[in-house]
Amino acid sequence: MKAIGIILAGGNNDGRLGVLTDHRAAAALPVGSCYRAIDFTLSNMSSSGVGKVAALTQYNSRSLRDHLMSSKWWDFGRKQGGLFVFTPYTSPEGSTWFRGTADAIHQNMTFLKRSNEEYVVITSGDSIYKMDYSKVIKEHAANGADITVVYKNMAGKDLTKFGVVEVAADGKLVGFEEKPEQPKADTASLGIYVISRTLLIDLLDKAIPEGKFDLVKDIIIASVGTRNVYGYEYNGYWSAIGTGTAAYFATNMDFLNKEVRDHFVNEYPYIATKPKDEPPAKFNKGADVKDTIVGSGSIFDGKVEHCVVFRKVRVGAGAVVKNSILMEGVQIGEGAVVENAILDKEVVVSAGQKVIGASSEEPAVIKKGTVI
């Protein structure tokens, strides 16, 4: 049962991530000291045997395209299949930005029509998880489903930012609401769908001329009750960093948990990423680094505790950094204090300055290149 993959990686999540997506797509956000968010979906595709994948990008796509320039890191450097990166373009027929997720796929319809695989796996590019899509495809086929929606029980969590599905005893979806104010169930869609390639083409060809551009609302939800739409329950780790800065912060901090870190880093299949050629991190005399993931090329003279540190970060003598995320190239001056904060790429905190957020749920977020 062969399938192709489509990764919807074009957005900035409607500004919910604030300045973190001012200069990059949400799918390009750094995660866990060395990854980008899209690495998790790409690795899932590769390890699941999905050998032909399209990443649809649009908003601030430069850094994402740079990251995806060589596909060999995820084992997509192959003659048959491989990784395709699509953006909006100008042609004699016209030029429009993607008007929605369904329109993004429709504007690249040749990818679907020139493929021969029976199924399509559609996912987002900004969720952190590990999944074998081949198991979803197998159950999809066994159910005789037209569409399969992957979901997870999230009892006790705020579901107003998710699609909420109602699943009958036989596995069929009997309800699907997008971001409801009062959810009717505790089961949330993970934004992962399996559908027949030919059916997807037919549905898109009918929806787009009618001005229906959203995959979830106009294709998936519209099919509930009229087609065989089934659910597939997933019970593993999953986090959507695109729901806001608090979720992004919490997801990174989860990598300080040994079970989570081992799940992604030390348990096969591993999560792959584009490697960087930098020297190992250096801890000078007087450095005190605890409960922290450290990126390559970083140098420490001060105190760092319960942090996620990316590449080429420098922490000066006498500085104290706690419960924070330091992205690539951040410079912390001597005697500076940083706590409950997300410092974007190349932020400089000058000697003696302070950056202190209210809490993990309300971290201070400092824009790329800011000098404090």
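Since we're looking at a predicted model, the values are computed, not measured.

Student: Give me the lowdown on unusual backbone geometry, citing residues and values where you can.
Tutor: At the junction of Tyr268 and Pro269, the peptide bond is cis and its omega measures out at 0° in the coordinates. Position of Pro269 relative to the elements: it lies in the loop between α9 (258-266) and β14 (282-283). For His306, which is not a glycine, the phi torsion comes out positive at approximately 50°. Assessed through its relative accessible area of 29%, His306 is described here as partly exposed. A positive phi angle, close to 65°, is found at Glu346, a residue other than glycine. Within the secondary structure layout, Glu346 lies in the loop between β23 (341-343) and β24 (348-349). For Glu346, a relative accessible area of 42% translates into the label partly exposed.

Student: Quick one: what's the story with the pairing of strand β1 (residues 3-8), residue by residue and with numbers?
Tutor: Counting buried positions along β1 gives 6 out of 6 residues, so the element sits mostly inside the fold. Along β1, one buried face is formed by Ala3, Gly5 and Ile7 and the opposite face, lined by Ile4, Ile6 and Leu8, is buried too. With 6 bridges connecting them, β1 and strand β6 (residues 119-124) associate as parallel partners. Of the residues in β6, the one forming a bridge with Leu8 is Ser124. Pairing of β1 with strand β4 (residues 52-56), which is carried by 4 bridges, proceeds in the parallel orientation. Considered in β4, the bridge of Ile7 is made with Ala55.

Student: Explain the pairing of strand β8 (residues 147-153) residue by residue, including any values.
Tutor: On a regular strand, each side chain points to the face opposite its neighbour's, so the side chains alternate between the two faces of the sheet. Burial of β8 is extensive: 6 of the 7 residues sit out of reach of the surface. Pairing of β8 with strand β11 (residues 187-196) involves 6 bridges; the strand directions are antiparallel. Residue pairing in the sheet places Val149 in a bridge with Tyr193 of β11. Where β8 meets strand β12 (residues 229-233), 5 bridges bridge the pair, whose relative direction is parallel. Note on β12: the bridge partner recorded for Val150 is Tyr232.

Student: So what's going on with the state of the cysteines? Which residues, and what values?
Tutor: According to the stated counting rule, one finds 0 disulfides in the structure shown. Of the cysteine sulfurs around Cys34, a residue in no disulfide, the closest is that of Cys307, at 16 Å.

Student: Quick one: what's the story with the environment of Tyr268, residue by residue and with numbers?
Tutor: Looking at where Tyr268 falls in the secondary structure, it is placed in the loop between α9 and β14. When its relative accessible area of 70% is taken as the criterion, Tyr268 is described as exposed. On a C-alpha basis, the gap between Tyr268 and Ser47 in space is 9.3 Å, while along the polypeptide they are 221 residues apart.

Student: Talk me through the packing of aromatic side chains; I want residue IDs and the actual numbers.
Tutor: Enumeration over the complete set of coordinates arrives at 12 aromatic pairs. Taken together, a centroid distance of 5.2 Å and an interplanar angle of 85° make the contact between Phe40 and Phe264 edge-to-face. You can see Phe40 sitting in helix α1 (residues 37-47) and its partner Phe264 sitting in helix α9, a full 224 residues away along the chain. Note on Phe264: relative accessible area 0%, which makes it buried. Here a set of aromatic residues connected by ring pairs shows up, and it is made of Tyr35, Phe40, Tyr237, Phe255 and Phe264.

Student: Can you break down the sheet that holds strand β21 (residues 331-332) residue by residue, with the values?
Tutor: With parallel pairing, the 5 strands of this open sheet are ordered in space as β14-β16-β18-β21-β24. In this open sheet, the two edge strands, each paired with only one partner strand, are β14 and β24. Relative to strand β16 (residues 299-300), β14 is paired through 2 bridges, and the arrangement is parallel. Across the sheet, the residue bridging to Lys282 is Ile299, located in β16.

Student: Before we move on, can you summarise the environment of Val347 with the specific residues and values?
Tutor: Structurally, Val347 can be placed in the loop between β23 and β24. Given a relative accessible area of 0%, Val347 falls into the buried group. Counting along the chain gives 125 residues from Val347 to Ala222, while the straight-line C-alpha distance between them is 45 Å. In this structure Val347 touches Gly329, Val330, Gln331, Ile366, Lys367, Lys368, Gly369 and Thr370, once residues within four positions along its chain are discounted.

Student: Help me get a handle on the environment of Ala358, residues and values and all.
Tutor: Among the secondary structure elements, Ala358 is positioned in the loop between β25 (354-356) and β26 (364-366). For Ala358, a relative accessible area of 64% translates into the label exposed. With 280 residues separating them in the primary sequence, Ala358 and Arg78 have C-alpha atoms 48 Å apart.

Student: Tell me about the side chain of Ser71, and please be specific about residues and values.
Tutor: Summarising the element assignment, Ser71 is placed in the loop between α2 (62-67) and β5 (82-86). Taking the relative accessible area as the measure of exposure, Ser71 reaches 15% and is therefore buried. Not counting the four nearest positions on each side in its chain, Ser71 is found in contact with Phe76, Gly77 and Leu83.

Student: Requested: an account of the pattern of salt bridges, with residues and values cited.
Tutor: One pass over the full model with this rule turns up 12 salt bridges. One salt bridge in this structure joins Asp344 and Arg24, with 2.9 Å as the shortest N-O distance. Of this pair, Asp344 sits in the loop between β23 and β24 while Arg24 sits in the loop between β1 and β2 (30-31), placing them 320 residues apart in sequence. On the basis of relative accessibility, which here comes to 4%, the residue Arg24 falls in the buried class. Here Arg99 and Asp103 are joined by a salt bridge, their closest N and O atoms 3.1 Å apart. Owing to a relative accessible area of 0%, Asp103 belongs among the buried residues under this scheme.

Cut-offs used in this document
- Residues numbered from 1 in each chain as written.
- Predicted model: local features only at pLDDT ≥ 70, side-chain atom pairs only at ≥ 80, totals over all residues.
- Heavy atoms only, no water.
- Helix = DSSP H or I, 4+ residues; strand = E, 2+ residues; numbered from the N terminus.
- Buried < 20%, exposed > 50% of the residue type's maximum accessible area, 1.4 Å probe, protein only.
- Pairing = 2+ DSSP bridges.
- Disulfide = S-S within 2.5 Å.
- Phe/Tyr/Trp six-rings, centres within 6.5 Å; stacked < 30°, edge-to-face > 60°.
- Contact = heavy atoms within 4.5 Å.
- Salt bridge = Lys/Arg side-chain N within 4 Å of Asp/Glu carboxyl O.

Keep in mind these values describe shape, not function.
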